[in-house]
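Single-letter residue listing:
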Amino acid sequence: QVQVVESGGGLVQPGGSLRLSCAASGRIFSVGVMRWYRQAPGKQREMVAGITGNGFTYYVDSVKGRFTIFRDNAKRTVDLQMNSLKPEDTAVYYCYADLKQTPSTPMIDYWGQGTQVTVSS
């Protein structure tokens, strides 16, 4: 019943911007850390940015100063604002959420289906 869905991907030129959004829905008691990952062709999936429930953020070095992650706990969403995009940012971007469905069950990992970001001139 729980779903994690990304949106906002697309094709942009180098130097352009995109804003990705992710929403968790269904029976959810609480949401912990939320993160954005990406996977380029022929490469391993890497963490791009993360944000804890109380707002602490962290980023991979390659996107610092260009990307910003933020969340809305009431809406159970997490967004990724991507500026000054480079061709090497091209990848499928995945949303991750650590959440509880009930007060007595453990935290469980949930992943979105991915959204394609292509940076090309």
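Up top you'll find the structure we're talking about.
Conventions and cut-offs
- Residues numbered from 1 in each chain as written.
- Predicted model: local features only at pLDDT ≥ 70, side-chain atom pairs only at ≥ 80, totals over all residues.
- Heavy atoms only, no water.
- Disulfide = S-S within 2.5 Å.
- Helix = DSSP H or I, 4+ residues; strand = E, 2+ residues; numbered from the N terminus.
- Pairing = 2+ DSSP bridges.
- Axes fitted to C-alpha atoms, helices over the stretch in contact; angles between N-to-C directions.
- Core = buried A, V, L, I, M, F, W, Y, C linked by side-chain atoms within 4.5 Å.
- Buried < 20%, exposed > 50% of the residue type's maximum accessible area, 1.4 Å probe, protein only.
- Contact = heavy atoms within 4.5 Å.

### Some remarks on the state of the cysteines
Right, so step 1: This structure, assessed with the given rule, holds one disulfide.
Right, so step 2: Bridging cysteine 22 to cysteine 95, the disulfide has an S-S length of 2.0 Å. On the sign convention where negative is left-handed, the bridge of cysteine 22 and cysteine 95, at about -80° about the S-S bond, is left-handed. You can see cysteine 22 sitting in strand E3 (residues 18-25) and its partner cysteine 95 sitting in strand E9 (residues 91-100), a full 73 residues away along the chain.

### Remarks on the sheet that holds strand E7 (residues 67-72)
Right, so step 1: Strand order in the open sheet formed by four strands is E1-E3-E8-E7, and the pairing between neighbours is antiparallel. Looking at strand neighbours, the two that pair on one side only are strand E1 (3-7) and E7, the edges of this open sheet. Strand after strand, the sheet turns through a mean of 15° between neighbouring axes, direction not considered.
Right, so step 2: As paired strands, E1 and E3 are joined by five bridges and run antiparallel to one another. Among the inter-strand pairings, valine 4 is bridged to a residue of E3, identified as alanine 24.

### Topic: the nonpolar core
Within soluble globular proteins, side chains that are nonpolar tend to cluster in buried spots.
Right, so step 1: Within the largest apolar cluster, 30 residues are counted, with the highest numbers of intra-cluster contacts made by Trp36, Phe67, Val78, Leu80, Met82 and Tyr93.
Right, so step 2: Of all the secondary-structure elements, those providing two or more residues to this core are E3, strand E4 (30-39), strand E5 (46-51), E7, strand E8 (77-82), E9 and strand E11 (115-119).
Right, so step 3: Top element by residues in this core is E9. It accounts for five residues.
Right, so step 4: Beyond its immediate sequence surroundings of up to four residues, leucine 80 is in contact with Leu18, Arg19, Leu20, Trp36, Val48, Ala49, Phe67, Thr68, Ile69 and Tyr93.

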